[in-house]
Amino acid sequence: MAFVVDGKGLAGTLKKQVKIEVAEFTAACGRPPQLTVVLVGDDAASQSYIRAKERACQRAGIASALIRLPPTITSQELLAMVDSLNRDESVDGLLVQLPLPEHLDAEPIVAAISPLKDVDCFHPENLGLLLRGCPRFVPCTPHGIMQILDSLGTDLTGLDAVVVGRSLIVGRPMAMLLIERNMTVTVCHSLTVDLPAKVRAADLVVAAVGVPGLVKGDWLKPGAIVIDVGTNYKGGGLVGDVDFPSAVKVAGTITPVPGGVGPLTVTQLLRNVLTAARLLR
Ligand code: NDP
């Protein structure tokens, strides 16, 4: 049976460290770091993610503000709002919660956020810095996964990694961070031929797909590290992209859903807000 990672416990430890550094920043600058979140519309999942972010900020001593905008807002109006928040010196970290309503293209909105305030690390400039191996911010979920891997104390050098999913939010930045650790990385996607065989060759599997239970236990190399990013609502509960009951019998280490990667994602957002505040001080 695999070692099951306690993401909540690890997040708790890391949050304590952020809280100490936030208190030091606040004492030195006379104000806490500040995060502003823009929410367009009333998507239920987005509202729940935002509540979690607000709670985490409050506990860490970070000030937060939520700007709610109607789902009918135009792209120009939203860009004007982003522009005014970019100029607002009281705002350190700025994020526009995705997904946006269908009539709004997220790309120009994300690119309009000041790269110095881009705590989600979605801006092309920040992704470019990450690609070059000198990140200003690190995207929250891949960063959280690196914290999990570091907590295991495994030397990743030369090991084979398979990342299933090639999104800009998880899969691609994840692959970059693993390459930085000298892993040999294969990135798989919906058109990959024989995904089970690719996964079976991996010492580390990161599943960031959005398909409940896609990765089965008999796809895994015995002893592999399995990181499940998936957050899928199924049968009234939350399930991952890995079929946990079969995978836990084959893997060496596995993250559960919930309680694995998710808590680390919020923690790394706090870390990025602190970084932004230091940049803008
Ligand atoms: P996207 O939908 O942006 O990307 C999904 C990726 O999976 C795509 O690259 C897609 O391939 C690939 N894919 C889809 N179906 C298959 C398949 N059958 N076989 C192989 N690859 C497939 O999702 P995200 O990256 O944003 O999120 C992935 C999952 O992680 C979701 O469940 C999301 O909710 C969760 N998530 C969890 C977070 C957390 O904090 N725990 C944070 C962020 C996301 P293609 O490119 O070819 O379409």
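As the structure is a prediction and not an experimental result, all values here were calculated from the model. (Residues numbered from 1 in each chain as written. Predicted model: local features only at pLDDT ≥ 70, side-chain atom pairs only at ≥ 80, totals over all residues. Heavy atoms only, no water.)

J.: Explain the nonpolar core here, please?
T.: The nonpolar side chains of soluble globular proteins are, as a tendency, buried together. Formed by 25 residues in total, the largest nonpolar core has its most connected members in Ile145, Leu149, Leu178, Leu204, Val206 and Ile227. Every element with two or more residues in this core is listed here: α1 (7-29), α6 (140-152), β5 (160-164), α7 (171-180), β7 (204-207), β8 (225-228) and α10 (261-280). With sequence-adjacent residues up to four places away left out, Val206 is seen in contact with Ile145, Val162, Val163, Val164, Met174, Leu178, Ile227 and Val229. Counting residues in hydrophobic clusters, the runner-up holds 23 residues, among them Phe25, Phe137, Ala276 and Ala277. (Core = buried A, V, L, I, M, F, W, Y, C linked by side-chain atoms within 4.5 Å. Buried < 20%, exposed > 50% of the residue type's maximum accessible area, 1.4 Å probe, protein only. Helix = DSSP H or I, 4+ residues; strand = E, 2+ residues; numbered from the N terminus. Contact = heavy atoms within 4.5 Å.)

J.: Is there a simple way to explain the site of the ligand in this structure?
T.: Near the ligand you find 20 residues, and of these Arg166, Ser167, Ser190, Val229 and Thr265 are the closest. Contacts to the ligand include Ser167, whose side-chain N or O atom sits 2.5 Å from an oxygen atom. Within the backbone of His189, a nitrogen or oxygen atom sits 3.4 Å from a nitrogen atom of the ligand. Alone, the ligand offers 930 Å² of accessible surface; in the complex the protein occludes 68% of this. (Near = heavy atom within 4 Å. Polar contact = N/O pair within 3.5 Å; in protein donor to acceptor, adjacent residues only side chain to side chain. Areas by Shrake-Rupley, 256 points an atom, 1.4 Å probe, with all protein chains shown as cover.)

J.: Looking at this model, I keep getting lost on a nonpolar patch on the surface. Mind explaining?
T.: On the surface, Leu116, Leu279 and Leu280 cluster together into a nonpolar patch covering about 210 Å² of accessible area. With respect to the helices, strands and loops of the structure, Leu280 is situated in helix α10. (Patch = residues over 30% accessible without salt bridge, like charges linked within 9 Å, V, L, I, M, F, W, Y side chains within 5 Å. Salt bridge = Lys/Arg side-chain N within 4 Å of Asp/Glu carboxyl O.)

J.: Can you walk me through the pairing of β7 in this structure?
T.: Looking along a regular strand, one sees side chains alternate from face to face of the sheet. The side-chain alternation of β7 yields two buried faces, one formed by Leu204 and Val206 and the other by Val205 and Ala207. Where β5 and β7 come together, four bridges link them in parallel fashion. Among the inter-strand pairings, Val163 is bridged to a residue of β7, identified as Val206. (Pairing = 2+ DSSP bridges.)

J.: I tried to follow the sheet that holds strand β2 (residues 34-40) on my own but got confused; where do I start?
T.: Adjacent strands of a sheet form backbone hydrogen bonds with each other and so pair up, either parallel or antiparallel. Here three strands make up an open sheet; going across it, the order is β3-β2-β4 and the pairing parallel. Because the sheet does not close on itself, it has two edges, and the strands there are β3 (63-69) and β4 (93-96). Taking each pair of neighbouring strands and ignoring which way they run, the sheet shows an average axis angle of 15°. Sheet topology places β2 next to β3; seven bridges connect them, and they run parallel. Bridge pairing links Leu39 to Arg68 in β3. (Axes fitted to C-alpha atoms, helices over the stretch in contact; angles between N-to-C directions.)

J.: Would you mind going over the pattern of salt bridges with me for this structure?
T.: When the charged atoms of two side chains with opposite charge come close together, those side chains can pair. Scanning the entire structure with this criterion turns up seven salt bridges. A salt bridge links Arg278 to Glu21, with the shortest nitrogen-to-oxygen separation between them at 2.9 Å. Note that Arg278 is positioned in helix α10 and Glu21 in helix α1, a separation of 257 residues in sequence. Asp92 is the partner of Arg31 in a salt bridge, and the nearest nitrogen-oxygen pair spans 2.9 Å. Here Arg31, found in the loop between α1 and β2, pairs with Asp92, found in the loop between α3 (75-87) and β4; they are 61 residues apart in sequence, far enough to count as distant.

J.: Would you mind showing me how to read unusual backbone geometry here?
T.: With the exception of glycine, the majority of residues adopt a negative phi angle, and the majority of peptide bonds are in the trans configuration. That bond from Leu98 to Pro99 is cis: its omega, 5°, falls within 30 degrees of zero. Note the cis peptide between Val257 and Pro258, where omega equals 0°. Within the secondary structure, Pro258 sits in the loop between β11 (253-254) and α10. Non-glycine residue Cys121 carries a positive phi angle of around 60°. Position of Cys121 relative to the elements: it lies in the loop between α4 (106-112) and α5 (124-131). Positive phi, close to 55°, is recorded for Asp194, a residue that is not glycine. With respect to the element layout, Asp194 can be found in the loop between β6 (184-188) and α8 (195-200).

J.: Teacher, can you tell me more about the pairing of β8 here?
T.: Side-chain alternation along β8 places Ile225 and Ile227 on one buried face and Val226 and Asp228 on a second face that is also buried. As paired elements, β7 and β8 share four bridges and run parallel to each other. By the bridge assignment, Ala207 is partnered in β8 with Asp228. Across two bridges, β8 lies against β11 in parallel orientation.

J.: Help me understand the side chain of Gln97 in this model?
T.: By the element assignment, Gln97 lies in the loop between β4 and α4. Looking at Gln97, its side chain comes within polar contact range of the side chain of Lys53, at 2.8 Å. Not counting residues up to four positions away in its chain, the partners in contact with Gln97 are Val38, Leu39, Ser46, Tyr49, Ile50 and Lys53.

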